[in-house]
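# Notes for the structure review
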Amino acid sequence: PLSFILTGIPGLEDAQFWIAFPFCTMYFMAVLGNITLLLMIRIDPSLHLPMFYFLSMLSAIDLVLTTSTMPKILSIFWFHSHEINFEGCVAQMFFIHSFSTVESGVLLTMAFDRYLAICKPLRYSAILTGPTIAKLGLAAAVRGIAIITPLTCMVTSLSYCGPRVIQHSYCEHMSVVKLACGDTRANSIYGITAATVVVGSDSILIAVSYMLILREVIGLSSREARLKSFGTCGSHVGVILLFYTPGLFSFYTQRWGHRIPTHVRILMADLYLLVPPMLNPLIYGMRTKAIRDRVLSLL
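Taking an unreviewed UniProt entry as the reference, the protein chain is identified by name as Olfactory receptor belonging to Eurypyga helias. According to its UniProt record, the protein chain has this under Sequence similarities (unreviewed entry): "Belongs to the G-protein coupled receptor 1 family."

Listed below in structure tokens is the structure:
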């Protein structure tokens, strides 16, 4: 097809004009917060540490995720610009799913960073050198692109002979596949398998790293050291829960959550790409003293 029609939030068409205002506010906060975080880390030599390099990657990914979706969503809500061409739809789907996968990989590397900082402090600098950090970031990016590229190719090879209306605010994989004619089981199986393997393996490894961290922290004799360790890990745990919880809800309810109202599922899917990018800079900015002091001194 030449183009698709994005409905926005089915069932809330009359309210979409007003929903766009908090969406626009959150998008502005997400862009401002992540750009500020990137600039702070870039200009302050004291923040040129592995933890902040990984945080820079997270901010860059969040900027891509929000910017690939929110301008189009706001144009639907405010200006009734529902049409999106086929190539733009496929590109949007690729950016959403590939960078979500990349973000999961970056969160895993951040858990590895916290494990080394707390459990192997004497070897921390020797292991996490500049080239190693670059390789870890590159590996997360390559994995995300390698997993989602076949999915994108499978979508472009399908035939679309039915209605062109996508019951969503953006081009989510299964929402597009549902419009195809013929057998789409391969697309569904690949999508579910890829998401389950990525999220399952990453979350298990993150959980193992934090179990080892918890065991190490409990063994510390100093109460201040324990509190400091919990503080540095608390921000990361909050970001992980903020990323995986709505993401998994959105992904699996899109396939099997037919009893959940459509507008609830679509609204959660929209917020999944908006709330974590907005809150991540606030969580790290408030919980990380070096960033907080730098921002306050700048103000």
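Next comes the rest of the account.
## Quick word on the UniProt feature "transmembrane region" (unreviewed entry) in the protein chain
Mapped onto this numbering, the UniProt entry gives "transmembrane region" (unreviewed entry) at residues 17–40, 52–79, 91–112, 124–148, 189–213, 233–252 and 264–284. For residues 52–79, helix accounts for 93% and strand for 0%, while the C-alpha atoms at its two ends are 39 Å apart. For residues 91–112, the helix share is 100%, the strand share is 0%, and the end-to-end C-alpha distance is 31 Å.

## Here's the deal with unusual backbone geometry
Residue His 80 is not a glycine yet carries a positive backbone phi of 55 degrees. Topologically, His 80 is positioned in the loop between helix 3 (70–79) and strand 2 (83–85).

## Brief notes about the side chain of Asn 280
Structurally, the position occupied by Asn 280 is in helix 11 (residues 275–287). For Asn 280, a relative accessible area of 2% translates into the label buried. With sequence-adjacent residues up to four places away left out, Asn 280 is seen in contact with Leu 58, Asp 62, Glu 103, Val 239 and Leu 242.

## Considerations on the packing of helix 1 (residues 16–43) against helix 2 (residues 50–67)
Where helix 1 meets helix 2, the axes come as close as 9 Å, and the angle between the chain directions of the two elements is 150 degrees. By the angle class used here, helix 1 and helix 2 are roughly antiparallel. Helix 2 is crossed by helix 1, and the crossing has left-handed handedness. Residue-level inspection shows Tyr 27, Ala 30, Val 31, Asn 34, Ile 35, Leu 37, Leu 38 and Ile 41 of helix 1 in contact with helix 2, the latter providing Phe 52, Leu 55, Ser 56, Ser 59, Ala 60, Asp 62, Leu 63, Thr 66 and Thr 67. Across the contact of helix 1 with helix 2, the residue classes break down as 11 nonpolar, five polar and one charged.

## Notes on the state of the cysteines
Within this structure, the stated rule accounts for two disulfides. The residue that forms a disulfide with Cys 89 is Cys 171, at a sulfur-sulfur distance of 2.0 Å. Disulfide Cys 89 to Cys 171: torsion about the S-S bond roughly -120 degrees, handedness left-handed. With Cys 89 in helix 4 (residues 86–119) and Cys 171 in the loop between strand 3 (165–166) and helix 7 (173–177), this pair connects stretches of sequence that are 82 residues apart. Taking relative accessible area as the criterion, Cys 89 reaches 2% and is therefore assigned buried. One disulfide bridge connects Cys 161 with Cys 181, the sulfur atoms lying 1.7 Å from each other. When the S-S torsion is -130 degrees, as for the bridge of Cys 161 with Cys 181, the disulfide is left-handed.

Calculation rules
- Residues numbered from 1 in each chain as written.
- Predicted model: local features only at pLDDT ≥ 70, side-chain atom pairs only at ≥ 80, totals over all residues.
- Heavy atoms only, no water.
- UniProt positions renumbered as here; feature names shortened; annotations may be inferred.
- Helix = DSSP H or I, 4+ residues; strand = E, 2+ residues; numbered from the N terminus.
- Buried < 20%, exposed > 50% of the residue type's maximum accessible area, 1.4 Å probe, protein only.
- Contact = heavy atoms within 4.5 Å.
- Axes fitted to C-alpha atoms, helices over the stretch in contact; angles between N-to-C directions.
- Parallel < 35°, antiparallel > 145°, perpendicular 65-115°, else oblique.
- Left-handed = near helix turned anticlockwise from the far one by under 90°.
- Nonpolar A, V, L, I, M, F, W, Y, C, P; charged D, E, K, R; others polar.
- Disulfide = S-S within 2.5 Å.

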